[in-house]
Amino acid sequence: MLSTLLIALYAFAGAAVAGLAGAAALRLIRHRSLTQSLAVVVAVAVTAMLAGTLAVAQAMFLSPHDLSVVTTVVAMAAVVSMVTALLLGRWVVARSRELAVAARSFGDGGDFTAPGTPATAELAELSRELAATSARLADSRMRERALESSRRELVAWISHDLRTPLAGLRAMSEALEDGVAADPQRYLRQIRTEVDHLNDMVGDLFELSRIHAGTLALSLSRMSLYDLVSDALAGADPLARRHGVRLVGDLVEAVPVEVDGKEMSRVLGNLLVNAIRRTPADGTVAVAAARSADGVVLSVTDGCGGIPEQDLPRVFDTGWRGTDARTPPAGAGLGLAIVQGIVEAHQGRATVRNISGGCRFEVTLPAAAGT
């Protein structure tokens, strides 16, 4: 038992010296190729075995012939192990370089295509992660291009919408200044109307900028959805009368919600104005609100005749105004984008779908706590 313990100690001592030397070598070449590191690891393993064997041989006083045999066997094992390590290292390095080339094209803005040759489990996992990242970046680039296109359209449409009232204001102010206005009071009333229109447009732009910047601060309070809808219907009634549209709000339950009253009034107002402007005379705009499995659903149904299916995903985009995008009644195309931003800030969602003769906008809000 004692002799076995001594043999183990001699072998451990010899191997430990080789291991420490190998660790120092690995530290020196830690920034070099993987092939060199594998070669050092194999060399350490073989050297540790040889050092341990020699230490034991010296302690056991082996004959020179036996020691030569053992050394020869270890040397042959070292040669085979080293060649295998070099081949393995070159193969792994080659796979790594192929992956690096594929990742370089992905980094230059292209799509990542995984190398077709087999690789180690770790490199294969890295390849899958790069492919997933490439797909996410491609989606992000598509969203960025769509957003940039939307911004360009918005700038063009806002410029168009601003030019008309500004030209009218300039003409009316010049007429008043030159004293050629036949009815100065009518001109003043028209100027006030155009100024209000411009003020509303600037207010929408400011609200949208707060939403996009994530600085929309909500002041939540518990209130009845019935009261919110009633106030919104009362505010939209004059516009509905001018357009000959009938407002209906008979299916509104007194459901409590925790919302920012001012912002949700803006949501209802924008939905009602949008519905009234797109509903023909003698048409009906209906508002309903009820509980659902997801919370509380508020809907506004109009008689616009429906939205083309290809346009439905763009309805809430900034600047979208449908087929009659450059007609004055369409507004600046900000109302529905503001609706979506405010609703999402309330942890809800806004959707639209076509129904018979028109479309229905639905706002889903979380139910108030305790209901």
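Residues numbered from 1 in each chain as written. Predicted model: local features only at pLDDT ≥ 70, side-chain atom pairs only at ≥ 80, totals over all residues. Heavy atoms only, no water.

As annotated in an unreviewed UniProt entry, the protein carries the name histidine kinase and comes from Streptomyces ortus. Quoted verbatim from the Subcellular location (unreviewed entry) field of UniProt, the annotation for the protein is "Cell membrane". Under the Catalytic activity (unreviewed entry) heading, UniProt states for the protein: "ATP + protein L-histidine = ADP + protein N-phospho-L-histidine." (UniProt positions renumbered as here; feature names shortened; annotations may be inferred.)

Visitor: When you look at a nonpolar patch on the surface in this model, what are you seeing that I'm missing?
Guide: Together, Met-76, Val-79, Val-83 and Leu-87 line one region of the surface with nonpolar side chains, adding up to about 390 Å² of accessible area. Position of Leu-87 among the secondary structure elements: in helix 3 (residues 64-107). Residue class for Leu-87 comes out exposed when judged on its relative accessible area of 57%. (Patch = residues over 30% accessible without salt bridge, like charges linked within 9 Å, V, L, I, M, F, W, Y side chains within 5 Å. Areas by Shrake-Rupley, 256 points an atom, 1.4 Å probe, with all protein chains shown as cover. Salt bridge = Lys/Arg side-chain N within 4 Å of Asp/Glu carboxyl O. Helix = DSSP H or I, 4+ residues; strand = E, 2+ residues; numbered from the N terminus. Buried < 20%, exposed > 50% of the residue type's maximum accessible area, 1.4 Å probe, protein only.)

Visitor: What should I look at first to understand the confidence of the model for the protein in this one?
Guide: Averaged over every residue, the pLDDT of the protein is 78; residues scoring 70 or more account for 82%. Predicted confidence for residues 324-330 stays below pLDDT 50, and this span has 11 contacts to residues more than four positions away or in other chains. (pLDDT = per-residue confidence, 0-100. Contact = heavy atoms within 4.5 Å.)

Visitor: Would you take a moment to explain the packing of helix 7 (residues 261-278) against helix 8 (residues 335-345) for this structure?
Guide: For any two helices packed against each other, the geometry is given by the interaxial angle and the distance between the axes. Two numbers describe how helix 7 lies on helix 8: the axes approach to 9 Å, and their chain directions differ by 145 degrees. Crossing geometry of helix 7 relative to helix 8 is assigned as left-handed. In this structure, helix 7 contributes Glu-263, Arg-266, Val-267, Asn-270, Leu-271 and Asn-274 to the contact, and helix 8 contributes Gly-335, Leu-336, Ile-338, Val-339, Ile-342 and Val-343. In the contact of helix 7 with helix 8, the residues fall into seven nonpolar, three polar and two charged. (Axes fitted to C-alpha atoms, helices over the stretch in contact; angles between N-to-C directions. Left-handed = near helix turned anticlockwise from the far one by under 90°. Nonpolar A, V, L, I, M, F, W, Y, C, P; charged D, E, K, R; others polar.)

Visitor: I keep staring at the pattern of salt bridges and nothing clicks. Help me out?
Guide: As enumerated under the stated definition, the model contains eight salt bridges in all. Between Glu-258 and Arg-222 there is a salt bridge; the shortest N-O distance is 3.9 Å. Placement of Glu-258 in strand 3 (residues 256-259) and of Arg-222 in strand 1 (residues 221-224) is noted, with a sequence separation of 36 residues between them. On the accessibility criterion, Arg-222 (46% relative accessible area) is partly exposed. Measuring nitrogen to oxygen at the nearest pair gives 3.1 Å for the salt bridge that ties Glu-362 to Arg-353. Residue classification places Glu-362 among the buried residues on the basis of a relative accessible area of 18%. Each of Glu-207, Arg-210 and Glu-263 takes part in salt bridges that share partners, so that together they form one network.

Visitor: Help me understand helix 8 in this model?
Guide: Note that an α-helix has 3.6 residues per turn; residues three or four places apart therefore point the same way. Regarding helix 8, the residues found buried are Leu-336, Ala-337, Ile-338, Val-339, Gly-341, Ile-342 and Val-343. Check the buried side of helix 8 and you find it contacts helix 5 (184-213), helix 7, strand 6 (349-355) and strand 7 (358-365). Immediately downstream of helix 8, the backbone of Gln-347 shows phi near 65 degrees, a positive value.

Visitor: I keep staring at the side chain of Glu-194 and nothing clicks. Help me out?
Guide: Mapped onto the elements, Glu-194 comes out in helix 5. At 10 Å, Arg-186 is the nearest oppositely charged side chain to Glu-194, a buried residue that forms no salt bridge. Ignoring any residue separated from it by four or fewer positions in sequence, one finds Glu-194 in contact with Pro-165, Leu-169 and Met-172. (Lys, Arg positive; Asp, Glu negative; His and termini not counted.)

Visitor: What's the story with the pairing of strand 5 (residues 295-301) in this structure? I'm lost.
Guide: A regular strand carries its side chains on alternate faces of the sheet. For strand 5, the buried fraction is high: seven of the seven residues fall into the buried class. Hairpin connection, strand 4 (residues 284-292) to strand 5: the antiparallel pair is bridged by two residues. Summarising the sheet, strand 5 and strand 7 pair through six bridges and their orientation is antiparallel. Residue pairing across strands places Thr-301 opposite Arg-360, the latter belonging to strand 7. (Pairing = 2+ DSSP bridges.)

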